[in-house]
Amino acid sequence: MSQPIACPPAQSGWPALFLLLFVVVGCPGSPRSKAAGDGQGQAVGGGGEDSDTTGSEAGASDTGRTDFGAPPSPPEFSAPCPVGPFFALSGSAWEDFWRPASHPVEGGTGRIFIETAILEMPLEWGSSAFGIWDGRRLPHGRPDSFVSTRAGWFRVAATPVDETGRRGETLVCDLEYVHTNGIVVEMGTDPLFLGDRELHFVQEGGAMFSIDDDLCWCNPQVDDTGLVGDDDFLSLFEWDSGRPEFPMSQEEGGIFGVSLGLQRRELVVLDNGDGELAESGLPFETEVRIYLQGTLAFAGRAAIPPGESWTVGLVDMERAAFEPATADDFRTVESPGTCR
């Protein structure tokens, strides 16, 4: 039979209260009272973020603590940035692009989300295909890809966040996108411009809006550029996010051909006259970039007057060469509204 524990006599005049404390806690300074805390006055299972209680008495609580009392690790990316370059979208496969919401993640509690941001772009006015990634939050595992219709370097950021709001370290990646097709034309207009500007790629000596001569919105595919085979075509594409909540997006257009044909074609940008001026007498600018066999052959801007066209220059596809037109070569063009 065990001997009763003898406590020192109480110094106060409350013997009944002291007896109650003895039964519940034990004697002050006794082994039993030490087991009730961590030596610093913390209670068992206190669950505070700074608690360093160890042992099975700490247990796993509903606050997400492990069996050893330490909080679970925050979500972290477990792989480095992807290695490029990546192919711009003009004719390339989607699997060539990075999927940040599917990037490997370890740790975290519950569902994991990936927040993305665009830090730098090679284009002052953004990109409709790429700009939608600025400020997005996606559940981990989504296959959405960082797609670009433009070439150049993009600096992007991705941060893992668990369902409790804990954030891991941000992964900052520099992604290079390149054009691999024989010919690519990029066009972008200041996003404050609310009108319509069109790309036209007219065979030398031909007429705008002619089905036989002009690659444009009403004739977006040309299947004969003088070559033989499945790659003998030119295509026009347009992108528009259509979502004003993505400020780094803009309406843009372009032309691409997998191979360079044998034709000479004039590149023209037409303003339909339905947009407002940036200031009185000062139209918004449009930028054009031309890539031949992956190399930048031309980059320039022009403030096109309302209702006029800008002749950018002549592309000699057989020689893979570009001949720029006279600066600010503007002409008035009567649009029939469709191709003939």
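For clarity, every value in this text was computed on a predicted model and none was experimentally measured.

Trainee: Could you clarify how one ought to interpret the overall build of the protein in this entry?
Mentor: Within the protein, the secondary structure is distributed over 3 helices and 19 strands. The buried share among the 340 residues of the protein stands at 42%. When the accessible surface of the protein is summed, it comes to about 17,800 Å², and 53% of that surface belongs to carbon and sulfur atoms.

Trainee: Would you mind showing me how to read the side chain of D144 here?
Mentor: Secondary-structure assignment places D144 in the loop between β5 (136–139) and β6 (152–162). D144 gets classed as buried once you look at its relative accessible area, which sits at 18%. A polar contact is formed between the side chain of D144 and the side chain of R142, at a distance of 2.9 Å. When residues no more than four places from it in sequence are discounted, the contact partners of D144 are W98, R99, P100, W133, R136 and L138.

Trainee: What is the right way to read the pairing of strand β7 (residues 171–178) from this model?
Mentor: Along any regular strand the residues' side chains alternate between the sheet's two faces. Burial along β7 is one-sided: L171, C173, L175 and Y177 are buried, and none of V172, D174, E176 and V178, which face the opposite way, are. Summarising the sheet, strand β2 (residues 86–87) and β7 pair through 2 bridges and their orientation is parallel. Opposite F87, over in β7, you have V178 as the bridge partner. Here β6 runs beside β7; their pairing, made up of 7 bridges, is antiparallel. Within β7, the position partnered with W153 by the bridge is E176.

Trainee: How should I be thinking about the packing of aromatic side chains in this particular structure?
Mentor: Here the structure, examined in full by the defined rule, presents 6 aromatic pairs. Note on F154 and Y177: the rings are 5.5 Å apart at their centroids and 85° apart in plane angle, and the pair reads as edge-to-face. Here F154, found in strand β6, pairs with Y177, found in strand β7; they are 23 residues apart in sequence, far enough to count as distant. On the accessibility criterion, Y177 (1% relative accessible area) is buried. Aromatic ring contacts, followed pair by pair, group F86, F154 and Y177 into a single cluster. Over the ring of F113 we find R137; its NZ or CZ atom is 4.5 Å from the centre of that ring. The cationic tip of R265 hangs over the ring face of F201; the distance from NZ or CZ to the ring centre is 5.9 Å.

Trainee: I would appreciate a short explanation of the sheet that holds β6 in the present structure.
Mentor: Hydrogen bonds along the backbone pair up the strands of a sheet, which may run parallel or antiparallel. Spatially, β2-β7-β6-β4-β5 is the arrangement adopted by the 5 strands of the open sheet, whose pairing is mixed. Only two strands of the sheet have a single neighbouring strand rather than two, namely β2 and β5. Bridge analysis of strand β4 (residues 112–120) against β5 gives 4 bridges, and the strand direction is antiparallel. For T116, the partnering residue across the bridge sits in β5 and is R136.

Trainee: Honestly, the nonpolar core in this entry has me stumped. Any pointers?
Mentor: Generally speaking, nonpolar side chains in soluble globular proteins are found buried as a group. Counting residues in each nonpolar core, the largest one holds 24 residues, and the members touching the most others are L267, V288 and I290. Contributions of two or more residues to this core are made by β8 (183–189), β9 (197–203), β12 (234–239), β14 (264–271), β15 (285–292), β16 (295–303) and β17 (308–316). Non-local contacts of V288, meaning those with residues more than four positions away in its chain, are made with V185, E186, M187, L267, V269, F298, A299, G300, W310 and V312. A101, V105, I114 and C173 belong to the second-largest nonpolar core, a separate cluster that totals 22 residues.

Trainee: Which parts of the structure should I look at to understand the pattern of salt bridges?
Mentor: Where side chains of opposite charge bring their charged atoms close, a pairing between them can arise. Per the counting criterion, the structure on display carries 16 salt bridges. In this structure, D316 engages R264 in a salt bridge whose closest nitrogen and oxygen atoms are separated by 3.0 Å. Placement of the pair is D316 in strand β17 and R264 in strand β14, with a sequence separation of 52 residues. Take D316: its relative accessible area is 5%, and that puts it in the buried class. For R264, a relative accessible area of 27% translates into the label partly exposed. Linking E323 and R319 is a salt bridge whose minimum nitrogen-to-oxygen distance equals 3.1 Å.

Trainee: Help me understand the state of the cysteines, please; the structure alone is not making it clear to me.
Mentor: In total, this model carries 2 disulfides according to the counting rule given. We note that C216 lacks a disulfide partner, and the nearest cysteine sulfur, in C339, lies 3.5 Å from it. Note on C216: relative accessible area 0%, which makes it buried.

Trainee: Sorry if this is basic, but what is going on with the pairing of β15 here?
Mentor: The buried count for β15 comes to 7 of 8 residues, which makes it a mostly enclosed element. Two elements, β8 and β15, share 7 bridges in a ladder whose sense is antiparallel. Within β15, the residue paired with T189 across the bridge is T286. In the sheet, β15 pairs with β16 via 8 bridges, with the strands oriented antiparallel. Residue pairing for β16: T286 is matched across the bridge by A302.

Trainee: Quick question: what am I supposed to make of the confidence of the model for the protein here?
Mentor: Overall, the predicted model of the protein reaches an average pLDDT of 76, with 71% of residues at or above 70. Scored below 50 in pLDDT, residues 1–66 shows 53 contacts in the model against residues more than four places distant or in partner chains.

What counts, and at which threshold
Residues numbered from 1 in each chain as written. Predicted model: local features only at pLDDT ≥ 70, side-chain atom pairs only at ≥ 80, totals over all residues. Heavy atoms only, no water. Helix = DSSP H or I, 4+ residues; strand = E, 2+ residues; numbered from the N terminus. Buried < 20%, exposed > 50% of the residue type's maximum accessible area, 1.4 Å probe, protein only. Areas by Shrake-Rupley, 256 points an atom, 1.4 Å probe, with all protein chains shown as cover. Polar contact = N/O pair within 3.5 Å; in protein donor to acceptor, adjacent residues only side chain to side chain. Contact = heavy atoms within 4.5 Å. Pairing = 2+ DSSP bridges. Phe/Tyr/Trp six-rings, centres within 6.5 Å; stacked < 30°, edge-to-face > 60°. Lys NZ or Arg CZ within 6 Å of the ring centre and 35° of its normal. Core = buried A, V, L, I, M, F, W, Y, C linked by side-chain atoms within 4.5 Å. Salt bridge = Lys/Arg side-chain N within 4 Å of Asp/Glu carboxyl O. Disulfide = S-S within 2.5 Å. pLDDT = per-residue confidence, 0-100.

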